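The residues making up each chain are set out below.
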Amino acid sequence: MRLFSLFLLFGTLIIQWFAVIPSWKVVLITLGISVSISVTSLVFLKNRLKSIDTIFITICAFLFGLLLASYQASDLVTKRITTDSEGKELLITGKVKDIPTVRGDGVRFLLDVYSAEYVGTPKEKISLSGIVRLGWFQQAQTVRAGELWQLKVKLKRPSGFMNPGGFDYEKWLFTQKIIATGYVRKSKNIENQDQSENRNLNQTITAEIIWSVDHWRQKIHQTIHERVENKSSAAVLSALLVAVRDKLDDKQWQLLQATGTSHLVAISGLHIAVVAGFAFFPMMLLWRIFPRLNERIPLRIAGAVVGTLFAIAYAMLAGFTLPTQRALLMVMIGLWGLVSRRNYDASTILALALILVLLWDPLAAMTVSFWLSFLAIFLILFFIKRQIEKPRWMILKLQIFLSLAMLPLTLLFFGTASLTSPVANLFAIPWVSLLIVPISLLGLILMPISTFLSTQLLTLAAFLIDIFFRVLAVLGDSALSKLNLAEIPPSLLIIAFLGLLVLVLPKGFPGRWLGLLLMLPAISFQTAIPKAGEFTYTMLDVGQGYASVLHTQNHHLVYDAGTRVSESFDLGKLVVAPYLRSQGIDKIDTLMISHEDIDHRGGAQYLQENFEIDEVISSDTNALKESKACLQGQQWQWDGVNFEVLSPYKGFEGNDNNRSCVLKVWNQYHSLLLTGDIQKQSEKALLKSNPNKLKTDVLSVPHHGSKTSSTYAFIKQVSPKIGLISAGYRSRFGHPKPEVVSRYEQSGVELLDTVNYGAIILDFPDDNTEIKRAYYRLEKRGFWSR
């Protein structure tokens, strides 16, 4: 079983390395041939070629896993909205799935679509069925879980930014089985020609269904926030009881991440196991009062059955999310082992859980939560088996080992880790799992029985949560609380993880010291840096906006920092900072913000608050604190690379776009021109004041390719070989404009954009060789990518 489970995992895992989904029909035929050979071997050769038979069984397991993953992946990709329907007004009908997220600018929610058609007359239905992620901004009506809605929307294929160190949003959407994203359109009363009456397209078809689990989850969520005065603690209670974590603020998340305790504010396998375990206490009491019950049903069976029911109920509160489903399966298998009274090896139970999870969700191995949960259990079992004869200080040693072993994994998945995690979790795990969760659940159970008792228990839980965060605040202030390293290749982190396992093998095991050697490559890894006279420029993928970073041998310049729509959508935090940390950068020499438009300066505040910055330059000194004016003639040199500001000149009169900082960067052989959002007025001024300095190899196309910029005269004078365009996928501004693209193409300029290439990385050598290019979207493209 263990061998079968591993090869089943390999089969579902390998699909991630395919840019195109393998044909499940071809895999099915191959599997059929392998099964036939295996059965023939077993029947006719019996045990004489047992090793060969084992090989074919593992091949069958591998192919079966690949078949399941390929089929599900193919089904999900097929269900996605077609490119023909993107950006068009659609009228869709569906049920609100899960609890909507309410923020200042509107509400976001999932809708399970049943039918769809184009808006207009005559009606034209389209094939669209599955989960879509919607935003409804400035909505007039309340959206509740379980309601059936008709909505006028615009949708597009699942899309996200692609940057080094960044979050793969497209992959996450795929694993959540989301087939499209979009927003609800304003629905004015329109003339219905068939019935000669006015009607509103955005309307509720049926109210929330009272037997819907999501309906009750939302009511519990609302009740918690009504009865608990401390809203920060109420947010944690909602996370622990109904898996709604959108109310947690940035400060709470930062403390949880800095101390490695964020796993405790989720309905995890640990919490489900604790709830199942607590179910044994009332059963033990009942069996003590009525001893004869044991003659009819043994306590272990009754406790396991009730424990399973409790675990299922708690998983339902979490909305049966995919991670919760996996956790529930694992707990139920453990309870089944208890009931069967068979001495199953722990690894066998883990293998069975792995098989069932992969059968339930063949694409589970694409998620981080899958690896964290299974590897955590594996590490616990691995450690306990080797320490069984030395139980003293077992819990302390296990926690330290688990934290250290998970360190390379958290670096791999999140790019950061906490060195205070062992100490924080020694306090946090029992405090949350044995105190806060049981008290909160008891308060939940009493909600329909006694408002007073329920409120008191929830208030007590909120008080304990407040203490929890106060302790975390002490640990989170430590210099060891957050470890940010350069992005280490996954292969080196896996080798380091194996090295740690070798180190904790029993004493006397030959070659334990080799574990240190296996860890050295990851510890000593450093990112490549330009040589003297060379520089690297990265245009980051931030959609409709601009953010980029330029590196010389010992210096780093950030030119623009992307947009900031809200606290939860700050691209300085979500894109620029992760990129810098992935390159091992914690200090910015110069932060240059071209102009005050929010899509260029939005992320600057986060960078100022979280990085050491020597100098801030901006065309608008009022927009950023401690900044100096960007003016024509400013020059400096870093590591043999030259920098000069070409615009705006002192006293320049123009709009914000035309006052953009224009920066020329060059070495002896190659050059780069960064233009911000300059328009025709600024281009004309540049042609007049600095025509000889405009010629360059690489040009950031002004104003994202807007028709207000890129005049023929400007393009001719600059004469770039490569033009870079920062733009968003299906942006409402329609950048770059077709007529602008045509101008550059007619001038022989090769255009590269972040829509199709993701982050664009250019290495400018200090010799006559060509500029080296790397396109992050193409390098990391998977079958789930748009």
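Here is what the cut-offs are and how they apply
- Residues numbered from 1 in each chain as written.
- Predicted model: local features only at pLDDT ≥ 70, side-chain atom pairs only at ≥ 80, totals over all residues.
- Heavy atoms only, no water.
- Helix = DSSP H or I, 4+ residues; strand = E, 2+ residues; numbered from the N terminus.
- Rg over C-alpha atoms; globule rule 2.2 N^0.38 Å.
- Buried < 20%, exposed > 50% of the residue type's maximum accessible area, 1.4 Å probe, protein only.
- Contact = heavy atoms within 4.5 Å.
- Areas by Shrake-Rupley, 256 points an atom, 1.4 Å probe, with all protein chains shown as cover.
- Lys, Arg positive; Asp, Glu negative; His and termini not counted.
- Charge placed at Lys NZ, Arg CZ, Asp CG, Glu CD.
- Pairing = 2+ DSSP bridges.
- Axes fitted to C-alpha atoms, helices over the stretch in contact; angles between N-to-C directions.
- Core = buried A, V, L, I, M, F, W, Y, C linked by side-chain atoms within 4.5 Å.
- Arc of directions from axis to C-beta.
- Disulfide = S-S within 2.5 Å.
- pLDDT = per-residue confidence, 0-100.
- Patch = residues over 30% accessible without salt bridge, like charges linked within 9 Å, V, L, I, M, F, W, Y side chains within 5 Å.
- Salt bridge = Lys/Arg side-chain N within 4 Å of Asp/Glu carboxyl O.
- Polar contact = N/O pair within 3.5 Å; in protein donor to acceptor, adjacent residues only side chain to side chain.

Quick notes on the overall build of the protein
Secondary structure summary: the protein contains 27 helices and 28 strands in total. In terms of C-alpha radius of gyration, the protein reaches 30 Å, essentially the compact-globule figure of 28 Å for 786 residues. With the C-alpha coordinates of the protein rotated into their principal frame, the extents come out at 100 × 80 × 65 Å. Counting all 786 residues of the protein, 50% fall into the buried class. A separation threshold of at least 6 residues defines the contact pool for the protein, and within that pool the share at least 24 residues apart is 68%. Only carbon and sulfur atoms are counted for the fraction: they give 59% of the accessible area of the protein, which is about 37800 Å². Computed over 78 positive and 62 negative side-chain charges, the inter-centroid distance for the protein is 8 Å.

Quick look at the sheet that holds strand 23 (residues 671-674)
Pairing is mixed in the open sheet, where seven strands are placed in the order 20-21-22-23-24-25-26. Among the strands making up the open sheet, the edge pair consists of strand 20 (635-638) and strand 26 (750-753). The sheet shows a mean angle of 20° between the axes of neighbouring strands, direction not considered. When strand 24 (residues 698-700) meets strand 25 (residues 722-725), the two strands line up parallel, connected through three bridges. If you follow leucine 699 over to strand 25, its bridge partner there is glycine 723.

Considerations on the nonpolar core
Within the largest apolar cluster, 52 residues are counted, with the highest numbers of intra-cluster contacts made by Ile224, Leu237, Ile272, Tyr314, Leu441, Phe468 and Phe469. The set of elements that each furnish at least two residues to this core consists of helix 5 (213-227), helix 6 (231-242), helix 7 (250-258), helix 8 (269-278), helix 11 (299-317), helix 12 (322-340), helix 16 (421-445) and helix 17 (451-476). Counting residues per element, this core draws most heavily on helix 17, which supplies 10 residues. Not counting the four nearest positions on each side in its chain, isoleucine 272 is found in contact with Ile267, Ala311, Tyr314, Ala315, Thr324, Ala327, Leu328 and Val331. Grouped together as the second largest cluster of nonpolar side chains are 29 residues, Ile617, Cys661, Leu672 and Leu752 included.

Some points on helix 23 (residues 680-689)
Considered for burial, the residues of helix 23 that qualify are Ser682, Glu683, Ala685 and Leu686. Along the long axis of helix 23, the arc covered by the buried residues comes to 160°, so they all point the same way. What points out from helix 23, more than 90 degrees from its buried face, is the exposed set Lys684 and Lys688. Buried residues along helix 23 sit against strand 21 (641-647), strand 22 (662-666) and helix 24 (712-718).

Regarding the state of the cysteines
Disulfides are covalent bonds that link the sulfur atoms of two cysteine residues. The final tally for this structure, using the stated rule, is one disulfide. One disulfide bridge connects cysteine 630 with cysteine 661, the sulfur atoms lying 2.4 Å from each other. Highlighted residues: cysteine 630 in the loop between strand 19 (628-629) and strand 20 and cysteine 661 in the loop between strand 21 and strand 22, separated in sequence by 31 residues. In this structure cysteine 630 comes out as buried when scored by relative accessible area, which is 2%. Overall, cysteine 661 belongs to the buried group, its relative accessible area being 0%.

What about the environment of threonine 308?
Relative to the helices and strands, threonine 308 is located in helix 11. For the pair threonine 308 and methionine 332, spaced 24 residues apart in sequence, the C-alpha to C-alpha distance is 6.3 Å.

Observations concerning the confidence of the model for the protein
In this model, the protein carries an average pLDDT of 86, and 93% of its residues clear a pLDDT of 70 or more. Within the model, the stretch residues 189-197 combines pLDDT values under 50 with 12 contacts to residues more than four positions away or in other chains.

Focus on a nonpolar patch on the surface
A cluster of nonpolar side chains, Trp513, Leu514, Leu517, Leu520 and Ile523, forms an exposed patch at the surface whose accessible area comes to about 540 Å². Take leucine 520: its relative accessible area is 45%, and that puts it in the partly exposed class.

Overview of the side chain of asparagine 642
Here asparagine 642 is to be found in strand 21. In terms of polar contacts, asparagine 642 uses its side chain to reach the side chain of glutamine 637, at 2.8 Å. Those residues in contact with asparagine 642, other than ones at most four positions away along the chain, are Trp636, Gln637, Lys664, Val665 and Trp666.

Here we look at the pattern of salt bridges
Scanning the model with the defined rule gives 19 salt bridges in all. Notably, a salt bridge pairs aspartate 361 with lysine 177, separated by 3.6 Å at the nearest N-O pair. Residue aspartate 361 is located in the loop between helix 13 (346-360) and helix 14 (368-387), and its partner lysine 177 is located in the loop between helix 4 (169-175) and strand 6 (178-184); the two are separated by 184 residues in the primary sequence. Where glutamate 750 meets arginine 773, a salt bridge forms, and the shortest distance between an N and an O atom there is 2.8 Å. Separated by 23 residues along the polypeptide, glutamate 750 in strand 26 and arginine 773 in strand 28 (residues 772-775) bring together distant segments of the chain. Residue classification places glutamate 750 among the partly exposed residues on the basis of a relative accessible area of 35%. Connected through shared salt-bridge partners, Glu89, Lys152 and Arg185 make up one network.

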